[in-house]
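Okay, here's what each chain looks like letter by letter:
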Amino acid sequence: MKSVLSERKTFHPSQLERRELPDSAGQAVRALADEIAVTLGPSPAIAITLTDPDLLHHIDARYLELPEAVHQAMRAPATDAGVTVVGRLPLRDDELGHTPLDWRQAAAWAGDAGRRSSSYALDITMLLLARCAGEPFGWQGQQGGRLVNNIVPSPGHEHEQSGASSTALLSPHSEDAFHPQRANLLMLGCLRNPDDVGTTVSSVRQVELDAAQRERLSRRELPILPDVSYGADFPDEPAPPIATLGDEDGQLTLRFDPAYTPLDEADPEFRSAYDHLAAELERVCITAALAPGELLLVDNDVVVHGRVPFTPRYNGTDRWLKRVNIRLPQRRRAAAEAAESGYGQRVVAPFRTIRGNRR
Ligand SMILES: [Fe+2]
């Protein structure tokens, strides 16, 4: 199917739920993160994965100190659009240093005090904010298990369907759709976006489907395979079929990643319903060009996200986002998902463990 997203230049900020963070609240988050960073000291060992017990203890012990305005701003999106822009953290471009060329370099540089970049303190900022929303987690097989992912264009990955791509349209998808423990909420924090590259978001609660299409897409029909950011080394086990559409308290939910779904194996009726859903998601698509200091909260059970193509610079000034996966413990998913193996991918979920230990 031809995509119109690659030509889409129209932004629709008026359709996005916006929450303004008072200046004092934004400064309070950054000040607490800076204090934790100084207390722990610049540490390559901590920065590599951000799972150091001292760091986790500081996050968990102190996020409740943040102003109520921060906690209010970090609630899950409240509208059918399923996305919220939170603005705006105080951030200066000259505190960032160069945009790294890939996630490994980003993690290494975050722990290098000699680089004089605020990347490490901003990692802690993102963890504090994500902790206000729910339980931040990572994946053992993605970016080395780091709890805060760096999204930057990387040489050699321009055409992939992953966050490291650039010149290719990143097709709308649910984050980690292949896995039963995928995030309920995705947080994208913008550090730098000099060319106003748009993030696309489409809510399943705004699409039009007839009863037959809805019924067909609610059956477990085809699998979704892990995306390229997890590598290619997966256990050779059966790929369980999953339902594209789900239901939460009578409202539609979605699990969608056509780039990693073997659609050629589907019968024409399913394929037709799936293609209609994809076209509808394009019709209702909103494009948000995040500014430095803005956060995008994406309800990953309701919304698919993508990114328009752009030309990477590779000169230290490229677009740079920090991404955190967040579990909302109050959310429930379909019971059938509990039997899925997740292709051997394991979450790194230290905040869940801390909570469990306290009970
Ligand atoms: Fe994504």
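Q: How would you sum up helix α8 (residues 268-283)? Please name residues and give values.
A: Along its 16 residues, α8 runs 22 Å from first to last C-alpha, staying within 8% of the 22 Å computed at 1.5 Å per residue. Along α8, the residues that are buried comprise F270, A273, Y274, L277, A278, E280, L281 and E282. Where α8 is buried, its residues meet β7 (199-203), α7 (211-217), β8 (220-222), β10 (245-248), β11 (251-254) and β14 (303-307).

Q: Describe the coordination of the iron ion, naming the residues involved and giving the relevant values.
A: Around the iron ion, the donor atoms from the protein are H173 (NE2), E175 (OE) and H305 (NE2), and they sit 2.1 to 2.2 Å away. In the primary structure, the donors to the iron ion are separated according to the pattern H-x1-E-x129-H. A residue pair is termed long-range when its members are at least 10 positions apart, and E175 in the loop between β5 (170-173) and β6 (185-192) and H305 in strand β14 qualify at 130 residues. For H305, a relative accessible area of 7% gives the class buried.

Q: Provide a residue-level description of the sheet that holds strand β12 (residues 286-288), including the pertinent values.
A: Strand order across the open sheet formed by four strands is β5-β14-β7-β12, with antiparallel pairing between neighbours. The two strands at the open ends of the sheet, each matched to only one other strand, are β5 and β12. Here the strands of the sheet are splayed against their neighbours by 20 degrees on average, with no regard to which way each runs. Note that β7 and β12 share three bridges and pair antiparallel. Residue pairing in the sheet places V201 in a bridge with I286 of β12.

Q: If you had to explain the side chain of N149 to someone new, which residues and values would you point to?
A: Locating N149 in the fold gives a position in strand β4 (residues 149-151). Engagement of the side chain of N149 in a polar contact is seen with the backbone oxygen of R146, the distance being 3.3 Å.

Q: Mind laying out unusual backbone geometry, listing which residues take part and the relevant values?
A: Backbone torsion omega between G87 and R88 reads 5 degrees, so that peptide bond is classified as cis. Looking at the secondary structure, you find R88 in the loop between β2 (83-87) and α5 (103-110). Positive phi is not limited to glycine here, since R116 has a value of about 50 degrees. Following the sequence through the fold, R116 ends up in the loop between α5 and α6 (119-133). Of note, the phi angle at Q143 is positive, near 50 degrees, even though the residue is not glycine. By the secondary structure assignment, Q143 is in the loop between β3 (135-139) and β4. In this structure Q143 comes out as buried when scored by relative accessible area, which is 11%.

Q: If you had to explain the environment of L281 to someone new, which residues and values would you point to?
A: Structurally, the position occupied by L281 is in helix α8. Among all residues touching L281, those that are not within four sequence positions of it are S202, S203, V204, V207, L254, F256 and V304.

Q: Provide a residue-level description of the side chain of D318, including the pertinent values.
A: Mapped onto the fold, D318 is located in the loop between β14 and β15 (320-327). No salt bridge is formed by the buried D318; the nearest opposite charge belongs to R313, separated by 4.9 Å. One polar contact links the side chain of D318 to the main-chain amide nitrogen of R313, over a distance of 2.9 Å. For D318, the residues in contact, after removing those within four places along its chain, are T99, P153, R192, P194, F310, P312 and R313.

Rules used throughout
- Residues numbered from 1 in each chain as written.
- Predicted model: local features only at pLDDT ≥ 70, side-chain atom pairs only at ≥ 80, totals over all residues.
- Heavy atoms only, no water.
- Helix = DSSP H or I, 4+ residues; strand = E, 2+ residues; numbered from the N terminus.
- Expected span 1.5 Å × (residues − 1).
- Buried < 20%, exposed > 50% of the residue type's maximum accessible area, 1.4 Å probe, protein only.
- Contact = heavy atoms within 4.5 Å.
- Donors = N, O, S within 2.8 Å, 3.2 Å for Na, K, Ca; no water.
- Pairing = 2+ DSSP bridges.
- Axes fitted to C-alpha atoms, helices over the stretch in contact; angles between N-to-C directions.
- Polar contact = N/O pair within 3.5 Å; in protein donor to acceptor, adjacent residues only side chain to side chain.
- Lys, Arg positive; Asp, Glu negative; His and termini not counted.
- Salt bridge = Lys/Arg side-chain N within 4 Å of Asp/Glu carboxyl O.

Interpretation in functional terms is not warranted from these geometric data alone.
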